[in-house]
Amino acid sequence: MSKLGKLLGKPKDFIIGGETFTIHPLSVENDLELVLKMADPKDNGAALKEVIIRTIKKSVPDATEEELKGLPLRYFKEWKEAIEEVNGLSDNEEEEDVNKGQVS
């Protein structure tokens, strides 16, 4: 394995609505376009919805379309925060990562 192997994201367990879910990180190959759309105000909502659905499908492979469509919004924030954390997308982590990567 190359040096890049050390940078690959690792799944992490989160408790959402009292249930434990293993959240898998997004990948450049499958999800970069959606992450970029999340930065665009006109595409943000649809992109975020798709990221959450993809993440849930990966975490709960046997989830039905009916379950996904009926998921209450009260869990939206928990899913969003878990996805941000496992992918290092939160504002604080971005600043820390930028500072760590600086070479003097």
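Up top is the structure these notes are about.
Here's a quick rundown of the structure. The numbers attached to residues start from 1 for each chain and follow its sequence in the written order. Restriction of local features to residues with pLDDT of at least 70 applies here, the model being predicted, together with a cutoff of 80 or more for giving and counting side-chain atom pairs; totals for whole chains, interfaces and linings are based on all residues. Excluded from the side-chain calculation are hydrogens and water; included are all heavy atoms of the structure.

1. A few points about the pattern of salt bridges
Working definition: two side chains of opposite charge can pair if their charged atoms are close together.
Argument step 1. One speaks of a salt bridge when a side-chain nitrogen belonging to Lys or Arg is within 4 Å of a carboxyl oxygen belonging to Asp or Glu. According to the stated counting rule, one finds eight salt bridges in the structure shown.
Argument step 2. The partner of Asp43 in a salt bridge is Lys42, and the shortest N-O contact between them spans 4.0 Å.
Argument step 3. Per-residue accessibility, obtained with a 1.4 Å probe over protein chains only, is compared with the maximum for each type, and a residue is labelled buried under 20%, exposed over 50%, and partly exposed between these values. Taking the relative accessible area as the measure of exposure, Asp43 reaches 25% and is therefore partly exposed.
Argument step 4. Its salt-bridge partner being Glu84, residue Lys80 comes within 2.7 Å of it at the nearest N-O pair. Of this pair, Lys80 and Glu84 both sit in helix H4 (residues 76–87), separated by four residues, roughly a single helical turn. Note on conventions: DSSP H or I runs of at least 4 residues are helices, E runs of at least 2 residues are strands, and numbering of each starts at the N terminus.

2. Description of the nonpolar core
Argument step 1. Here the nonpolar core consists of buried residues drawn from Ala, Val, Leu, Ile, Met, Phe, Trp, Tyr and Cys, with membership extended through side-chain atoms lying within 4.5 Å. Membership of the largest hydrophobic core comes to 19 residues, with the highest contact counts inside it found for Phe14, Ile16, Phe21, Ile23, Val51, Ile52 and Trp79.
Argument step 2. For this core, the secondary structure elements donating two or more residues are strand S1 (12–16), strand S2 (19–23), helix H1 (28–38), helix H2 (44–59) and H4.
Argument step 3. Looking at this core element by element, the count peaks at five residues for H2.
Argument step 4. Those residues within four positions of Val51 in sequence are excluded, and the remaining contacts are Leu26, Leu34, Met38 and Ile83. Residue contacts follow a heavy-atom distance rule, with two residues in contact if any of their heavy atoms lie within 4.5 Å.

3. A look at the packing of aromatic side chains
Argument step 1. Here a Phe, Tyr or Trp ring, Trp counted by its six-membered ring, pairs with any other such ring whose centre lies within 6.5 Å, and the pair is stacked when the planes are under 30 degrees apart, edge-to-face when over 60, and tilted otherwise. Applying the stated criterion across every chain, the model contains one aromatic pair.
Argument step 2. Taking the centre distance of 5.1 Å and the plane angle of 50° together, the rings of Phe21 and Trp79 count as tilted. With Phe21 in strand S2 and Trp79 in helix H4, the pair connects residues that are 58 residues apart, well separated along the chain.
Argument step 3. For Phe21, a relative accessible area of 18% translates into the label buried.

4. Focus: the layout of surface pockets
Argument step 1. We place a 1 Å grid over just the protein atoms. Points where a 1.4 Å probe fits but has no way out form a cavity, open points with protein on both sides within 12 Å along at least 5 of 7 lines form a pocket, and any residue with an atom within 4 Å of a point lines it. Grid points are joined across faces, edges and corners, and a volume is the space filled by probe spheres set on the points. Quantified by volume, the largest pocket comes out at close to 430 Å³.
Argument step 2. As for the largest pocket, its lining consists of 16 residues, and the residues nearest its centre are Gly9, Pro25, Leu26, Ser27 and Asn87.
Argument step 3. Of all the elements in the fold, those that place two or more residues in the lining of the largest pocket are H1 and H4.
Argument step 4. A total of four residues in the lining of the largest pocket trace back to one element, the largest contributor, which is H1.
Argument step 5. Any residue outside Ala, Val, Leu, Ile, Met, Phe, Trp, Tyr, Cys, Pro, Asp, Glu, Lys and Arg is labelled polar, Gly included; the first ten of those are nonpolar and the last four are charged. Of the residues belonging to the lining of the largest pocket, the class tally is nine nonpolar, four polar and three charged.
Argument step 6. Looking at the second largest pocket, its volume works out to about 330 Å³.
Argument step 7. Forming the boundary of the second largest pocket are Lys49, Ile52, Ile53, Ile56, Lys57, Glu65, Leu68, Lys69, Leu71, Pro72, Leu73 and Phe76.
Argument step 8. Sorting the residues of the lining of the second largest pocket by element identifies H2 and helix H3 (65–70) as the ones contributing at least two each.
Argument step 9. Per-element accounting of the lining of the second largest pocket gives the leading share, five residues, to H2.

5. Quick look at the packing of H2 against H4
Argument step 1. To obtain each axis, a line is fitted to C-alpha atoms, and for helices this fit is confined to the stretch in contact; angles are then taken between N-to-C directions over 0 to 180 degrees. Running from amino to carboxyl end, H2 crosses H4 at an angle of 80°, the nearest separation of the two axes being 10 Å. Judged on the interaxial angle alone, H4 and H2 are roughly perpendicular. Across the interface between the two elements, Leu48, Val51, Ile52, Thr55 and Ile56 of H2 pack against Phe76, Trp79, Lys80 and Ile83 of H4.
Argument step 2. Here the residues of the contact of H2 with H4 are counted per class, giving seven nonpolar, one polar and one charged. With respect to orientation, any angle under 35 degrees is reported as roughly parallel, any angle over 145 as roughly antiparallel, any angle of 65 to 115 as roughly perpendicular, and every other angle as oblique.

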